[in-house]
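# Structural characterization, general
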Amino acid sequence: RIPILEVPGFEADDVIGTLSTKASQLGIDTYMMTPDKDYAQLVKENVFMFRPKHGGSEYEILDVEGVKQKYGFDNTGQMIDYLGLMGDTSDNVPGCPGVGEKTAQKLIAQKVKEKDCNSFQDNWEDYEESYGSDYNDCHGDYYDAEAEN
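Attention in this report is confined to the structure presented alongside it. Owing to the predicted nature of the structure, the values given are computational and were not obtained by experimental measurement.

## Quick look at the overall build of the protein chain
Each helix and strand in the protein chain was counted, giving seven helices and three strands. Scored against the burial criterion, the 149 residues of the protein chain give a buried share of 38%. Residue pairs at least 24 apart in sequence account for 34% of intrachain contacts in the protein chain once pairs closer than 6 positions are excluded. Surface accessibility of the protein chain: about 9300 Å² in total, with carbon and sulfur atoms responsible for 48%.

## What about the pairing of strand β3 (residues 59-62)?
Burial of the side chains of β3 is restricted to one face: E60 and L62 are buried, whereas none of Y59 and I61 on the reverse face is. Direction of pairing for strand β2 (residues 47-52) relative to β3: antiparallel, over a ladder of four bridges. Each bridged residue has a counterpart across the sheet, and for R51 the counterpart in β3 is E60. Joining the antiparallel neighbours β2 and β3 is a turn of six residues, in which G55 adopts a positive phi near 75 degrees.

## Some details on a nonpolar patch on the surface
Residues Y31, Y59 and I61 make up a contiguous nonpolar surface patch of roughly 330 Å² in combined accessible area. Its place among the elements puts I61 in strand β3. Under the relative-accessibility criterion, I61 is labelled partly exposed at 42%.

## A few points about the packing of aromatic side chains
Counted under the stated rule, the structure contains five aromatic pairs. Among the aromatic side chains, those forming a connected cluster through ring pairs are Y71, F73 and Y82.

## Here we look at the side chain of D88
Looking at the secondary structure, you find D88 in the loop between α3 (79-86) and α4 (101-115). In contact with D88, other than residues within four places in its own chain, are D38, L83 and V93.

## Some points on the environment of A104
Note on placement: A104 falls in helix α4. As a C-alpha pair, A104 and G87 span 17 residues in sequence and 9.6 Å in three-dimensional space. Leave out the neighbours within four places in its chain, and A104 touches Y82, L85, M86 and V99.

## Here we look at helix α1 (residues 12-25)
For α1, built from 14 residues, the straight-helix expectation of 20 Å at 1.5 Å per residue is met to within 8% by its first-to-last C-alpha distance of 20 Å. Residues of α1 that are buried: V15, G17, S20, A23 and S24. Buried residues belonging to α1 abut β1 (30-33) and β2. Among the residues trailing α1, G27 stands out with phi positive, at a value near 80 degrees.

## Some points on the pattern of salt bridges
Inspection of every chain in the model, using the stated rule, returns three salt bridges. Between E60 and K70 there is a salt bridge; the shortest N-O distance is 3.2 Å. Of this pair, E60 sits in strand β3 while K70 sits in helix α2 (residues 64-71), and the two are 10 residues apart along the sequence. Exposure remark for K70: the relative accessible area of 37% places this residue in the partly exposed category. Between E65 and K68 there is a salt bridge, with its nearest N and O atoms 3.1 Å apart. Of the two residues, E65 and K68 both sit in helix α2, three residues apart, roughly one turn of that helix. Through salt bridges with shared partners, one network takes in R51, E60 and K70.

Rules behind the numbers
- Residues numbered from 1 in each chain as written.
- Predicted model: local features only at pLDDT ≥ 70, side-chain atom pairs only at ≥ 80, totals over all residues.
- Heavy atoms only, no water.
- Helix = DSSP H or I, 4+ residues; strand = E, 2+ residues; numbered from the N terminus.
- Buried < 20%, exposed > 50% of the residue type's maximum accessible area, 1.4 Å probe, protein only.
- Contact = heavy atoms within 4.5 Å.
- Areas by Shrake-Rupley, 256 points an atom, 1.4 Å probe, with all protein chains shown as cover.
- Pairing = 2+ DSSP bridges.
- Patch = residues over 30% accessible without salt bridge, like charges linked within 9 Å, V, L, I, M, F, W, Y side chains within 5 Å.
- Salt bridge = Lys/Arg side-chain N within 4 Å of Asp/Glu carboxyl O.
- Phe/Tyr/Trp six-rings, centres within 6.5 Å; stacked < 30°, edge-to-face > 60°.
- Expected span 1.5 Å × (residues − 1).

The following block contains the structure:
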């Protein structure tokens, strides 16, 4: 039997994120089964992403190193920047005009390493200077909502 957990007013990914974080703090190995790549931001030493591949019985299990290699990140938290830059239709994040996977990876790698920080958001003015796009045109209230959570 698999228990069903619901919290009124919260989406499933919020519940899964909270439970995986709490389990991690308790030292419990946790597997999040989802094809949704935004869960990669939750992957930690003992939190893994069990990601079914489309159209078959194949899957991949991503640990911290797996997420970093797959997306070219320095840390799993950069998934927030990645999806914010290129957009994520499943979460209604519009992304920046003209930014796809490769450009998002390139921007994160360049700017984060140049500035020696963990977040692209801290260096938004560099993006605007290079690409001429307004912060709110790309993200709306996405980062503001994330900061409040």
